[in-house]
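# Residue-level structure breakdown
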Amino acid sequence: MAYTESCVACQQMNKNLQGNIIYTYTLKHKDGGSLITEGRSQAIYRYTPFGEQSGAAITEARQQLTLTDEKKIPNKQLQNYLSNRGTVMYHFAPDVFRNPFQLLGSEKVETQIMNVLKDLELNNTKHVHSDVPAKFLLLVQLLRLADHGNIETVWKRYEANSEIRRWILDAICAAATADALKFLGQILQKAKITHVEGSLLLIPAMHMAIPDQRTINIASEILSSHYVQKHQLLRKMVILAYGSMVYRYCKGPDICPEWALQTLHELTSQAADSKKETEIIVALRALGNAGQPASIKHIHKFLPGFSSSASRFPIRIKVESVLALRNIAKKDPKKVQDIAVQILLNQKHAAEVRMAAGIVLFNSQPSLSLLTAVANCLQKESNLQVLSFIYSYMKALMRSTLPDHLNVAAACNVAVKLLSSKFDRLSYRYSRAFHFHIFKNIIRSGASVDFYVLNTAATVLPSAVVSVLRTYFANLKADILEVGIHTEGLQEFLSKHSAQNEDSSVTNKTQQILKKLPGWKELPGQKPLASAYLKLFGQSVVCGKVKKEDIHHLLQALNDSSGSHISVHGIIDSLQQGIQVQWSKSVLAPELRYIVPTIVGLPLEVMLYASAVSTAKINFQVQSTPRPQKPFKLDELRDANITLKLEILPSASVHAVAKMGISTPYFHSAIELQSNTTMTVPLNIKASANIREEHFKIEMEPNQREKKIATMRAQAFAVSENTEDVYLNKRTPVLQSKTPTDVIKKNNSSKEYTSTEVNINDQSYSDYLRDYAPDSGNMSENHSKASQAAYMACINSTILGAEICFQATGCHPAFIRNALLDMLIGDYEAEISIKPVLSNDPIEKVRIEVHWGNKTMSDAKEIILTEALNSRSQTVSSNTKKILYFAKHKGKRLSDLSNSQKHSHTDTSSRSGISSSSSDNRKTHKSSQYSSEHKSSEERRHGKNHMSSSTSKESSSGSSSSRTSNESHQKKLGGHLLDHVDRLPFPKNNNANSSSDDESSQEITFPGDHSRPLFTIIFQAKSSHHRQQGYQTTVYQDLKGPKPQVQIYTKELNNSSAWRACTGVKLLSSSKAVAVLKWGQKCKDYNIAIKAETGHFANNPTLQLKLQWNKIPQAITAVVRMTAEYAPGIAFMLGLTQMHDHNPSHQLSVALTATSPRTLDLTVKAPLSTFCYSGLWLPFALPFSKNMSSTQLPAAVVRALSNIPDLITNSDTAECTSDGNTLTTFNNVKLEYETPLDCYLILALDCSPNPRFLIMVKRTEEVSSQMEVKVKLANLEIEMTASRGPVRVILNGEDISLHSATYVVGTAVLERNQDGINMFAAEHGIEYLHYSGKIFKVRVSPWMKKRTCGVCGHNDGETQMEFRKPSGLVAPNAMSFVHSWAVPGETCSGTCKMKHEFLKLEKQIRLYGEESKCYSVDPVLRCLPGCSPLKNATVVVGFHCVPADSGMNWFEIQNNFEPKVQDLKDIVTTHTACSCNVPQCETLA
């Protein structure tokens, strides 16, 4: 319970524990007053775990004091004054929370521990016995009483015994005392256990240990130990666990002692100094686990806007620093809210950081006034990511009915009304927050799930997805689970070009150019593909990340046979010899204790604890013939016969106890609910595969005797135990399950499921319960006794040769009060067993085979021959004869024999058609009458078209006239789409088809006529009499015909069964496709059809899907009806518009209309409603256009579906354009600036540690209207100039002539056109570059998102952070931003005659009451010494001021690019063109 929080709102609605005390005094009148001769007290304690209406457990305590004697003592005058100390205070001993689960004997602790260990070793070799969890609890209890010496003695004795060693380590972890924690640290330091075992043992022990000063000091020593520091993953987990210990230690007091937080604060400072992102994140999460307000000042240095040094940290660290405030808000919500609001409303911060601040704000229970102020500021918000997230979070919380969300929900309801409803139309491309919850007041329990989807403008995939699960129970709440996944580099990894050109690097000259920029800082290295973290009960437990290098090393280890990495051949040798593993794990799962004092001085305890023990015996062997050679190659497996044998015997047992009563180390008196569950699921599999022979096989042996898979027994006892006299201990069942007098028969049916259908065989339990039948003549006696219920159900599979049965019995005192707690206090027993089916032909083996290639053809021929020869029908259908003839004559086409076989069946077909025509006419007449009353003219026209096909269908299947008109109406409403159902040919067994089937067979041939099956799956059960049982599924394809089709045919291997399943997919035309599923007897009982069609709606490309059915099973109908009930609510939550309509009753249609390349209109037509959604935003652009014809649409749809990954990664290709003094950045921000003459300006740059490209432009004084471009790609340097003539291209200093259309140089391609030069270098990150002298355009690859810098921007979608300088800081205006990317000159004799220079304000400034000297915060362009300005421009610059007598010199100012506090602003002059005196330059040089 240390990590749970008290739900104050829940307590106000209903208190769990209530009590009242009555005092009675007997007074005797005496001279001068009254004398108390007797005092009695009676207390009632009432505990309601679920709710007032769900029952309560009551404990009564009594105390009586009687006057036995009187003594007269002379009165003495009191020397001291007494002070009022209030009511009686109860003090619990420190070890009260370690009261024993079970009472112990008087033997030594060591002796009892050894006896328990011996018992555990002897009785749990194969599987877990039901009493093992209780024995494990006893071992844990004994280890809690043992000191460090006892633990070491036991360990040294059994250290070499691997079986007992596991029990000792698991029990020490669960004991979690200070001595146990110290012992784990010692054996970890001595390498007695591995770091993996240390992680599984030490971390849970630190979380379960009762925190005190000694325990925290031991944990600090473990953290600083050499072994922990050596293993990074273990070190991170120990740091996080240490923070959790501090949280539990300081949970009660308002102020946490400094010594407890000192270790965490030192780690944070060291991490900040090292500037390692991983170390900083771990330190921040540890501070978040501790959750103490004293840590805020250490978090401030990472919070944007609260520290000048925070700007140098990446966004990920800023997000973690904000999220670290969540647990601190539980103690100081006001202070955290002030921080969160400042970050949230500051539009200069990154969107991810602001959304993290929003999460912290809403978790801190904000007030109505605060949320109203936030909503008011959001009306001016320019970042749609932040706006969408906060608005959706408010919208979700306003519907919450959780007790602790009532005030927040009301405040959000008001705040949402201040915002515009147009924010509801923001698509899922923007960040969203989702909140789902359920809370039942009758049991005071509930749960909620929060989903946070954080997107950025730079990526299509979410940058982070967080899910939080919170539960409410017994007026407590806890964040049970939180999982967060960050996908920083996943989109880049999905790109085709992301992994290319990793070894390319710029030349040394390019590196020197970058170093000239003021305060140049390259972006961090490649981000990990993904990172994730896990929180349990609000505490970070583990975090990790996956990088490209990890995948590369893994693949290298698998392919490397040199021994430098993991030895693949060694693993293969181990698998060949066989691997045997005996695994076991014991845990003490939850341990909840709630203790209150009583009037008798004994603690009343409400306790819940559970222990679980699981074991698994695994035998695993893989054999390959021939044996792989050294070095190992994957190609060897193609010719090898691989055999796998797997035998697993897992078992588990769970022991759970809920108790209320008096619990001390000497006696117990309580009501106890005990539950024991055991599970055993054996598995024995043998598999073989041969790639060259094209087959795969799995074999399993069914059970030959009955086995119990799972058993459960729950029983309530009245317990009275003490340590002095164990013979007087009593455990009395509350209810006697063997003598019930009122039987409640919930369900007394036994269900048997066969392989083809479900048969329900009723089995009466009257014989079983005859002795306990109620006596109708004595009803009053029946109400005084318990109620018993029984249930049994069996699933029988003849193919598997097994039967699984579930049976349960129970009795409870619900007749007293029908409440949940009363129903739990009873006796329940349940079990699941599996046993073989009694048969004269038992199943010996179950086999699953997969064949493909040539093997599939032979198997299909064999099965078709067997089915045809063993058919019981006197006549064989024409289609079956064709297949049979085809199998015998090795592939001749069946169409050549159709005429000769057709004549022999003419009479039979005619008689069949005549016999059913009258009934069909009657049904058609009735359905047409119904149709005329309820359908439109268009639907009646469709009905007529369907009527003829329906009549043909009824005639071919030989249906009788007993079917009702309703069935005919349902078939008619299905529409004409089902005309294609029977046209899709499948192998037929019997001559039950009319001539219409022959005609359709001639129209569309069976794929098996001219192509072999694609693959075959056979599920077969072999019996002792070699009887064929099981299923076969064969897949055919015909992709070369005029109408490509794929068909799947499933049948039973038992020839006497006519059950079939037929599936077909067919392309009817270039714009239409149909899929049909039929199953049942000869594929005629049920059918479903789906049709896809492309076309235009209102001149927009449209894709329409139609689902139609005639008859479906009742189970599917029930699911559809249940779904239809929730459909309106789901549609409302998703923002769909619902309209009640009378659509066809057996049809569901979906239409998608592309109104633009990035938006869709959705229309869903159900039988009773129509749902619409307009403007569904897509994360990528569709390759459609309004001018596209209907014949082009299908190919475009297929192309779009096949290229979805490319559409996603290429969806946001950014372009930067420069035309004169106007530039449009990658983020579509327009700049007006004045370019410095004769100096290169870095337009776009790959800012990663290994840049792939560098693009610079320069304007010369000769032709100022035009620019020169220089592009650096690896070791290539390409210059483009157009001064007074056509565009020239200079490659590595040499002119090249582009006489041809294209010129390939390395990995770049140059093209000349009428306007200028085009360049393509996708492998370097440049998709397209155009230069015409005056106009320059560059388009970078999608995987360059957030990796570029320069005047064109960072390509991250964050327009508020567009003016980022080389130092990473944000410039105040466009002019300062552009000039910061100018490459300065070194001497005035060079081409560029300007440099970056900090300015000193010449004015006299009096700041804060003292004379100050001020220096510019940002450098500005100034002419080099010896040069004079020709052109000037004005720019607003910020100044940082220091006292006039400060020792800061000019050299420190010029070389310090760290962020400074801006004290004032002023207008200064910057130079844009300079002229130099050559003699003066030579003198200065």
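Residues numbered from 1 in each chain as written. Predicted model: local features only at pLDDT ≥ 70, side-chain atom pairs only at ≥ 80, totals over all residues. Heavy atoms only, no water.

## Regarding the pairing of strand β48 (residues 1317-1321)
The buried fraction of β48 is high, at 4 of 5 residues. The pairing of strand β47 (residues 1308-1312) with β48 spans 4 bridges and is antiparallel. Its bridge partner being in β48, V1309 is matched across the sheet by F1320. Hairpin connection from β47 to β48: 4 residues lie between these consecutive antiparallel strands. (Buried < 20%, exposed > 50% of the residue type's maximum accessible area, 1.4 Å probe, protein only. Helix = DSSP H or I, 4+ residues; strand = E, 2+ residues; numbered from the N terminus. Pairing = 2+ DSSP bridges.)

## Points about the environment of L284
Counting through the fold element by element, L284 comes out in helix α12 (residues 277-290). Taking relative accessible area as the criterion, L284 reaches 0% and is therefore assigned buried. When the C-alpha positions of L284 and A271 are compared, they lie 9.5 Å apart, and in sequence the two are 13 residues distant. Setting aside anything within four residues of it in sequence, one finds L284 in contact with I299, F302, I317, E320, S321 and A324. (Contact = heavy atoms within 4.5 Å.)

## Here we look at the sheet that holds strand β41 (residues 1253-1259)
Taken in spatial order, the 7 strands of this open sheet run β45-β44-β43-β42-β41-β40-β51, and their pairing is antiparallel. Looking at strand neighbours, the two that pair on one side only are β45 (1294-1296) and β51 (1348-1349), the edges of this open sheet. Examined bridge by bridge, β41 and strand β42 (residues 1267-1273) share 7 bridges and lie antiparallel to one another. Within β42, the residue paired with R1259 across the bridge is M1267.

## Focus on the pattern of salt bridges
Per the counting criterion, the structure on display carries 40 salt bridges. For the salt bridge of E163 with R166, the shortest nitrogen-to-oxygen distance reads 2.9 Å. Taken as a pair, E163 and R166 lie in helix α5 (residues 162-175) at a separation of 3 residues, close to a single helical turn. What makes E163 partly exposed here is its relative accessible area of 29%. Here D404 and K477 are joined by a salt bridge, their closest N and O atoms 3.0 Å apart. Note that D404 is positioned in the loop between α18 (384-397) and α19 (406-418) and K477 in strand β8 (residues 476-486), a separation of 73 residues in sequence. Judged by relative accessible area, K477 falls into the buried class, the value being 13%. A single salt-bridge network, built from bridges that share partners, covers K697, E699, K845, R847 and E849. (Salt bridge = Lys/Arg side-chain N within 4 Å of Asp/Glu carboxyl O.)

## Let's talk about unusual backbone geometry
Of all residues except glycine, most have a negative phi; of all peptide bonds, most are trans. At A191, a position not held by glycine, the phi torsion is positive, near 60°. Topologically, A191 is positioned in the loop between α6 (178-189) and α7 (195-208). Backbone geometry at R444 places phi at a positive 55°, although glycine is not the residue there. Here R444 is to be found in the loop between β5 (432-440) and β6 (445-454).

## A word on helix α16 (residues 351-363)
Taking 1.5 Å of rise per residue, 13 residues should cover 18 Å, and α16 covers 19 Å from first to last C-alpha, within 8% of that figure. Among the 13 residues in α16, 12 count as buried, and that is most of the element. If you check which residues of α16 are buried, you get A351, E352, V353, R354, M355, A356, A357, G358, I359, V360, L361 and F362. Among the structural elements, α14 (315-323), α15 (333-345), α17 (368-378), α18, α19 and β6 are those in contact with the buried residues of α16. (Expected span 1.5 Å × (residues − 1).)

## Remarks on helix α2 (residues 109-122)
For α2, built from 14 residues, the straight-helix expectation of 20 Å at 1.5 Å per residue is met to within 8% by its first-to-last C-alpha distance of 20 Å. Buried residues of α2: Q112, I113, M114, V116, L117 and L120, and no others. Looking at the buried positions of α2, the neighbouring elements they touch are α3 (132-145), α4 (148-158) and α5.

## Topic: the packing of helix α8 (residues 213-224) against helix α11 (residues 258-274)
Interhelical geometry of α8 versus α11 gives an angle of 20° and a closest axis separation of 10 Å. Relative to α11, the element α8 is oriented roughly parallel. Considering how the two elements wind past one another, α8 and α11 form a crossing that is left-handed. Facing α8, whose interface residues are Q213, I216, N217, S220 and L223, α11 presents W259, T263 and L267. A per-class count over the contact of α8 with α11 returns 4 nonpolar, 4 polar and no charged. (Axes fitted to C-alpha atoms, helices over the stretch in contact; angles between N-to-C directions. Parallel < 35°, antiparallel > 145°, perpendicular 65-115°, else oblique. Left-handed = near helix turned anticlockwise from the far one by under 90°. Nonpolar A, V, L, I, M, F, W, Y, C, P; charged D, E, K, R; others polar.)

## Quick notes on a nonpolar patch on the surface
The grouping of I21, Y23, Y25, L27 and I36 at the surface amounts to a nonpolar patch, some 520 Å² of accessible area in total. When residues of the nonpolar patch are assigned to their parent elements, the largest contribution, 4 residues, is made by strand β2 (residues 17-30). Following the sequence through the fold, Y23 ends up in strand β2. Overall, the relative accessible area of 48% leaves Y23 in the partly exposed class. (Patch = residues over 30% accessible without salt bridge, like charges linked within 9 Å, V, L, I, M, F, W, Y side chains within 5 Å. Areas by Shrake-Rupley, 256 points an atom, 1.4 Å probe, with all protein chains shown as cover.)

## Focus: the state of the cysteines
Here, the word disulfide means a covalent bond between the sulfur atoms of two cysteines. Taken as a whole and assessed by the stated rule, the structure comprises 10 disulfides. Between the sulfur of C1062 and that of C1083 lies a disulfide, 2.1 Å long from S to S. Taking the torsion about the sulfur-sulfur bond, which here is approximately 75°, the covalent link between C1062 and C1083 counts as right-handed. Residue C1062 is located in strand β29 (residues 1059-1069), and its partner C1083 is located in the loop between β30 (1072-1081) and β31 (1086-1097); the two are separated by 21 residues in the primary sequence. What makes C1062 buried here is its relative accessible area of 2%. According to the relative accessible area criterion, C1083 is buried, its value standing at 5%. (Disulfide = S-S within 2.5 Å.)

## Describing the packing of α4 against α5
Direction vectors running N to C along α4 and α5 enclose 155°, while the axes themselves pass 9 Å from each other. By the criterion of interaxial angle, the relationship of α4 to α5 is roughly antiparallel. Both α4 and α5 take part in a crossing whose hand is left-handed. For the pair formed by α4 and α5, the contact residues are I151, V154, W155 and Y158 on the first element and I164, R165, I168, L169 and I172 on the second. The residue inventory of the contact of α4 with α5, partitioned by class, reads 8 nonpolar, no polar and 1 charged.

## Digging into the sheet that holds β2
Strand order in the open sheet made by the 3 strands is β2-β3-β4, with antiparallel pairing throughout. A single partner strand is all that each edge strand has here, and the edge strands are β2 and β4 (57-66). Averaged over all pairs of adjacent strands, the angle between their axes in this sheet comes to 15°, without regard to strand direction. Of the strand pairs in this sheet, β2 and strand β3 (residues 33-47) are connected by 14 bridges, and their pairing is antiparallel.

## Thoughts on the side chain of T263
Tracing the backbone shows T263 in helix α11. Residue contacts for T263: discarding those within four places in its chain leaves S220, L223 and Y242.

## Looking at the nonpolar core
Membership of the largest hydrophobic core comes to 138 residues, with the highest contact counts inside it found for L117, M206, F389, I390 and M394. Discounting residues that sit within four places of it in the chain, M206 has contacts with L181, A219, V238, A241, Y242, M245 and R248. With 70 residues, the next largest nonpolar core counts C1216, A1244, V1257 and V1287 among its residues. (Core = buried A, V, L, I, M, F, W, Y, C linked by side-chain atoms within 4.5 Å.)

## Quick look at the environment of L371
Inspection of the secondary structure puts L371 in helix α17. C-alpha of L371 to C-alpha of V416: the two residues are 45 residues apart in sequence and 9.4 Å apart in space. Non-local contacts of L371, meaning those with residues more than four positions away in its chain, are made with F362, P366, M394, V408, A411, C412 and A415.

## Regarding the packing of aromatic side chains
Tallied over the full model, the rule gives 17 aromatic pairs. Between W155 and F183 the ring centres are 5.7 Å apart and the planes differ by 75°, which places this aromatic pair in the edge-to-face class. Linking W155 in helix α4 with F183 in helix α6, this pair joins segments that are 28 residues apart in sequence. Cluster of aromatic residues (ring-pair linked, three or more members): F362, F389, Y393 and Y452. Between R731 and the ring centre of F717, over which it is positioned, the NZ or CZ distance is 5.1 Å. (Phe/Tyr/Trp six-rings, centres within 6.5 Å; stacked < 30°, edge-to-face > 60°. Lys NZ or Arg CZ within 6 Å of the ring centre and 35° of its normal.)

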